[in-house]
Protein chains: 2
Amino acid sequence: MEKILLVDDEPKIVRLLSAYLVRAGYQIVTAADGLTAIDRFHREHPNLVILDLMLPGLDGLEVCQVIREENDTPIIMLTARVEEDDRILGLELGADDYVTKPFSPREVVARTKAVLRRAHGEAPDVPLEIGQLHLDAVRREVRLDGRLIPLTATEFDLLHTLMRQPGRPFTRLQLLERVQGYAYEGYERTIDTHIKNLRQKLGDPHRQPRYILTVRGVGYKMAER
Amino acid sequence: MEKILLVDDEPKIVRLLSAYLVRAGYQIVTAADGLTAIDRFHREHPNLVILDLMLPGLDGLEVCQVIREENDTPIIMLTARVEEDDRILGLELGADDYVTKPFSPREVVARTKAVLRRAHGEAPDVPLEIGQLHLDAVRREVRLDGRLIPLTATEFDLLHTLMRQPGRPFTRLQLLERVQGYAYEGYERTIDTHIKNLRQKLGDPHRQPRYILTVRGVGYKMAER
DNA sequence: GCTATAATAAACGAATTGTGAATTGATGGA
DNA sequence: TCCATCAATTCACAATTCGTTTATTATAGC
């Protein structure tokens, strides 16, 4: 699980962002001032730092510099509105991304994901192919024998997950998490319905399925070819 | 993140352009006179220089020459004079583009993007064509069945983004980023309204759209032909 | 055959999108 | 400078689609 160091002196913002980030599956460590931030950084070795520009004591820029001198941990800066703060103009942030206040928590989560993906050397969306079943992740299209199969967003994500690791069985819980995000709360058997619909669209009878195989007692898996 | 050196002696213009460029995702370094500009240039190694023609001390042309003698960093000139001479002179001295005052910040951002794209050897602004819909990125014109369709700047950028990769769906967040700049802060569904207006202008009913297709659960995409 | 697990169909409720209208902000001219 | 205009954004509500749940039937494995 990836660890994020969240540095802000406003408890309200820390609470809000923490909630969203935890929901998105990250582990959160917090600090309310610059010195604590650097201490936590050394102790915890976070995968990413979210840093408010204005902090008591050592401010965000200084913390940013200290971190940069040590390693390449990605940094996202939270800044006041650009137009109103001349300090920002011509400033070397040294950050990987920044978000201006007021921001939406969703935006911060989105940028966090993007920055971490970049940092990991994101896996490119290679076209997947199993038998006559082709999936293009960029276009979000699935073709069977060359014919376009219209899928809903959920069905597509489900199939995509299965096709990325053919032969590996996924539990319903894993599939639910993948499809609904980490903050799932629901009935495992929802997946069954999606699988049913997928099989129908793919003309894949459950009796002798060509593509989506049932793993009794576990969940489902993709045929290997 | 790309770094831009912005050289102008009018603080108002520096503030205005900085705000727009930061919003567009660039990192800004500023200078108010020619000598400082050259100093900053050496220190900061910007990816692009935006240069006012008239500067105290060393003027823009001279700064341009100095930079050109050293390397190929792209230069955009800002000029208040309208005479042809200056334009030609500036271009002869090695400026990659020029903008005459009074200019709109949007235009400067647009040219900045274009010049940097060119500098990276990326695809030039080729005319795009889907069915009877033609888009000319250089002239920022869109024609349907040969008739000019007047679009706002945002509508144009949105359509341009979609048309550059027909068949690929874009999320509202991706479109917002593209249209409002990197540091967007806003409501995703603003995009819906722009799409609605675009469809209206293109005579593209949402029920059986010819050009802009809705991808439910994802966003929008351009038809492929 | 018995039991646990999976498949299916149908009904309900939640989420997404389209749209008109109101609001805010920028731009240009008198 | 003030006003008129246009663009961009936000909001509210209706229409639609999709996801989830429930109930029932079918099946696999012991």
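Residues numbered from 1 in each chain as written. Chains lettered and ligands numbered in written order. Predicted model: local features only at pLDDT ≥ 70, side-chain atom pairs only at ≥ 80, totals over all residues. Heavy atoms only, no water.

Draft legend 1. Molecular detail of the confidence of the model for chain A. Residues and elements named next belong to chain A. With 86% of its residues at a pLDDT of 70 or more, chain A shows a mean pLDDT of 84. Looking at the elements of chain A, mean pLDDT is at its lowest for strand S5 (residues 97-100), recorded as 68, and at its highest for strand S8 (residues 141-144), recorded as 97. In the model, residues 81-92 has pLDDT below 50 throughout and makes 27 contacts with residues more than four positions away in sequence or in other chains. (pLDDT = per-residue confidence, 0-100. Helix = DSSP H or I, 4+ residues; strand = E, 2+ residues; numbered from the N terminus. Contact = heavy atoms within 4.5 Å.)

Draft legend 2. Spatial organisation of the protein's contact with DNA strand D. In the vicinity of DNA strand D lie 19 residues, with Thr154(A), Gln180(A), His194(A), Thr152(B) and Thr154(B) positioned nearest. A breakdown of the atoms of DNA strand D within 4 Å of the protein gives sugar and phosphate a share of 80%. Between Thr152(B) and DNA strand D, the recorded distance is 2.5 Å, taken from a side-chain N or O atom to a phosphate oxygen. Note that a phosphate oxygen of DNA strand D is positioned 2.8 Å from one of the side-chain N or O atoms of His194(B). Looking at the surface near DNA strand D, the elements that each hand over two or more residues are helix H7 (190-202) of chain A together with helix H6 (153-164) and helix H8 (190-202) of chain B. Split into classes, the residues belonging to the surface near DNA strand D amount to 3 nonpolar, 13 polar and 3 charged. (Near = heavy atom within 4 Å. Polar contact = N/O pair within 3.5 Å; in protein donor to acceptor, adjacent residues only side chain to side chain. Nonpolar A, V, L, I, M, F, W, Y, C, P; charged D, E, K, R; others polar.)

Draft legend 3. Representation of the sheet that holds strand S10 (residues 170-171) of chain B in the model. Residue and element names in this part refer to chain B. Reading across the sheet, the 3 strands line up as S10-S12-S11 and stay open at both edges, with antiparallel pairing between neighbours. Edge positions in the sheet fall to S10 and strand S11 (212-215), since each of these pairs with one other strand and no more. The sheet contact formed by S10 and strand S12 (residues 219-222) spans 2 bridges and is antiparallel. Bridging from a neighbouring strand, Thr171 pairs with Gly219 of S12. Docked against the sheet, H6 engages S10, S11 and S12, running at close to 65° with respect to S12. (Pairing = 2+ DSSP bridges. Axes fitted to C-alpha atoms, helices over the stretch in contact; angles between N-to-C directions.)

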